[in-house]
Amino acid sequence: MAHLIDRRQFLHLAGIGGGVAFVSGLGFDVFAADGLTDGLPVEDFYFVQLSDTHWGFKGADKNPDAAGTLQKAVAAVNALDKPPDFVVFTGDLTHTTDDAQERRRRMAEFKAIVSELKVKQVKFIPGEHDASLDKGEAYQAYFGDLHYSFDHKGIHFIALDNVSDPAAQLGPTQLAWLQADLQVLPANTPIVVFTHRPLFDLYAKWDWTTRDGQQAIDMLMAFENVVVFYGHIHQEHHHLTGHIPHHAAKSLIFPLPAPGSAPKRAPIPWDPAKPYNGLGFRNIEAYPWKNYRVEEKTLT
Amino acid sequence: MNHYLKKCLLCMLLLAPLTATADTGPTVIVIKASKFLFQPAKIELKKGQTVILEFTSSDRMHGFSLPDFAVRADIEPGNPLRVSFTPDKAGSFVFRCDIFCGDGHEEMAGEIIVRDGG
Ligand SMILES: [Cu+2]
Ligand SMILES: [Zn+2]
Ligand SMILES: [Zn+2]
């Protein structure tokens, strides 16, 4: 049938050692019962989410290999058995700087490093570190549109920007665009949303929210099959708003504490006994119209 | 909603008359925002006692967010903003900048300690 990666092969991939950690995401541990879905030609595939690489960050106590972790992640993706259909970076590609020239330098360096990825397509969305200080001007010059949508093998992907407004809002213009983008889709269209900050109120005391994120969630609620992948909080996190799961990805620079678990949302220091601890990326296998499977990968 | 409109809403709901003075009205607490701190960063208040928080910025736009009391404001340079505030619960509450302002933004926070009136 349409399944390219069959269950046995996948479990084998997930089970092998070498720093491969397997965690099934909330609500994501059920495989499609069959390959036929409403008679539509669908095909299984997977993509990779990388997040919060903060290129240009310096802080030896937090990551003494800040200038090498991104390359390590690129090498890890290139070493995957089967190349993903695409790779998406969910924001904070670069670490912020007040110097507009330095910002562009970091973006150019980041772009050169990720051009080594042996994948057909690389998608980007901005984080506040990339886009908040100049409203996304430099970001757009290097990485293109701040928000956009595309279709891939029966899934509608939507990239939302909740950072180029320094107040962390999607804003009325983008919300109207989202409404128009969704309007033409049947209610059973599978939708995957990429965003940097959580769309829901994860933890307001640490400002882990998007001020008008609920408006986007309300629009998405009309669809049966929606999932959100985001970054910003530098840790794996799974949450449901109604029937919509939200999955936060690990960072590739330093981990942050679980929401409210520490007095400050300060980076967790580097542990020399466990280098790269808490850093990683994820493979997301898509079984269109039915399900997804999230496989967390660690760096070693 | 634009910032102006939002601020006006805030005005109608929360803003004390600018004529309020220290001897006739509630105490005015000036909070200065700058990259990347609030001064003062620790404010002690009494439960049930109304104060006026006056926000000023010396460099760029910052935000003030005190989610436990649903208070938030945009702080623009050259445009002091006054907010009337009556804490209705005791405890220690974090406030922070919620307008991304640069490298130290993550650390730009403070604490309001509310003591029981008694
Ligand atoms: Cu700030
Ligand atoms: Zn980040
Ligand atoms: Zn971020």
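All of these numbers come straight from a predicted model, not from anything done at the bench.

1. Thoughts on the packing of aromatic side chains
Residues and elements named next belong to chain A.
Piece 1. Taken as a whole, this structure holds 28 aromatic pairs over all chains when the rule is applied.
Piece 2. On the basis of an interplanar angle of 85 degrees and a centroid distance of 5.3 Å, the ring pair of Phe86 and Phe157 is categorised as edge-to-face. Taken together, the residues Phe86 in strand E2 (residues 86–90) and Phe157 in strand E5 (residues 155–159) connect sequence positions 71 residues apart. Taken as a pair, Phe86 and Phe157 share a single burial class, namely buried.
Piece 3. Between the aromatic rings of Trp270 and Tyr276, the centroid separation amounts to 5.0 Å while the plane-to-plane angle is 80 degrees, which identifies the pairing as edge-to-face. Taken individually, Trp270 and Tyr276 each receive the classification buried, so the pair is uniform in this respect.
Piece 4. Here the guanidinium or amino end of Lys123 rests over the ring plane of Phe150, the centre of that ring lying 4.0 Å away.

2. A short note on the sheet that holds E5(A)
Residues and elements named next belong to chain A.
Piece 1. Read from one edge to the other, the open sheet built from six strands follows the order E4-E5-E6-E7-E9-E8, with strand pairing classed as mixed. The strands lining the two open edges of the sheet, one partner per strand, are strand E4 (148–152) and strand E8 (237–241). Ignoring which end each strand starts from, the neighbouring axes of this sheet average 20 degrees apart.
Piece 2. Direction of pairing for strand E6 (residues 191–195) relative to strand E7 (residues 226–230): parallel, over a ladder of five bridges. Each bridged residue has a counterpart across the sheet, and for Ile191 the counterpart in E7 is Val226.
Piece 3. Relative to the sheet, helix H6 (residues 171–183) contacts E4, E5 and E6, its axis offset from that of E5 by approximately 175 degrees.

3. Side note on the coordination of the zinc ion (ligand 2)
Residues and elements named next belong to chain A.
Piece 1. Each protein donor to the zinc ion (ligand 2) is listed here as Asp52 (OD), His54 (NE2), Asp92 (OD) and His234 (NE2); together their distances run 2.1 to 2.2 Å.
Piece 2. Taken together, the four donor atoms coordinating the zinc ion (ligand 2) span angles of 88 to 174 degrees at the metal, a pattern that classifies the geometry as irregular.
Piece 3. Read N to C, the donor residues that coordinate the zinc ion (ligand 2) are spaced as D-x1-H-x37-D-x141-H.
Piece 4. A separation of 3.5 Å is found between the zinc ion (ligand 2) and the zinc ion (ligand 3), both of which receive a donor from Asp92.

4. Concerning the coordination of the zinc ion (ligand 3)
Piece 1. Around the zinc ion (ligand 3), the protein contributes the donor atoms A:Asp92 (OD), A:Glu128 (OE), A:Glu128 (OE), A:His196 (NE2) and A:His232 (ND1), at 2.1 to 2.4 Å from the metal centre.
Piece 2. Positions of the donor residues of the zinc ion (ligand 3) along the chain correspond to the pattern D-x35-E-x67-H-x35-H.

5. Topic: the confidence of the model for chain A
Piece 1. Counting all residues, the mean pLDDT for chain A is 88, and 85% of those residues have values of 70 or more.
Piece 2. In this model residues 1–37 of chain A is a low-confidence stretch, pLDDT under 50, and it forms 78 contacts with partners more than four residues away in sequence or in other chains.

6. A look at the interface of chain A and chain B
Piece 1. At the junction of the two partners, chain A supplies 16 residues and chain B supplies 17 residues.
Piece 2. Both sides of the chain A and chain B interface together cover about 1500 Å² of buried area, and 47% of this is carbon and sulfur.
Piece 3. Together, A:Lys205, A:Arg211 and A:Arg265 form the three largest contributors to the area buried by chain A at its contact with chain B, with a combined 36%.
Piece 4. Our count for the contact surface shared by chain A and chain B stands at four salt bridges.
Piece 5. A:Arg211 is the partner of B:Asp98 in a salt bridge, and the nearest nitrogen-oxygen pair spans 3.9 Å.
Piece 6. Our enumeration of links across chain A and chain B arrives at six residue pairs in polar contact (both at pLDDT 80 or more).
Piece 7. Here the side of chain A that touches chain B is built from residues that sort into five nonpolar, five polar and six charged.

Calculation criteria
Residues numbered from 1 in each chain as written. Chains lettered and ligands numbered in written order. Predicted model: local features only at pLDDT ≥ 70, side-chain atom pairs only at ≥ 80, totals over all residues. Heavy atoms only, no water. Phe/Tyr/Trp six-rings, centres within 6.5 Å; stacked < 30°, edge-to-face > 60°. Helix = DSSP H or I, 4+ residues; strand = E, 2+ residues; numbered from the N terminus. Buried < 20%, exposed > 50% of the residue type's maximum accessible area, 1.4 Å probe, protein only. Lys NZ or Arg CZ within 6 Å of the ring centre and 35° of its normal. Pairing = 2+ DSSP bridges. Axes fitted to C-alpha atoms, helices over the stretch in contact; angles between N-to-C directions. Contact = heavy atoms within 4.5 Å. Donors = N, O, S within 2.8 Å, 3.2 Å for Na, K, Ca; no water. Tetrahedral: all angles 85-135°; square planar, octahedral: opposite > 155°, others 65-115°. pLDDT = per-residue confidence, 0-100. Buried area = accessible area lost by both parts, 1.4 Å probe. Salt bridge = Lys/Arg side-chain N within 4 Å of Asp/Glu carboxyl O. Polar contact = N/O pair within 3.5 Å; in protein donor to acceptor, adjacent residues only side chain to side chain. Nonpolar A, V, L, I, M, F, W, Y, C, P; charged D, E, K, R; others polar.

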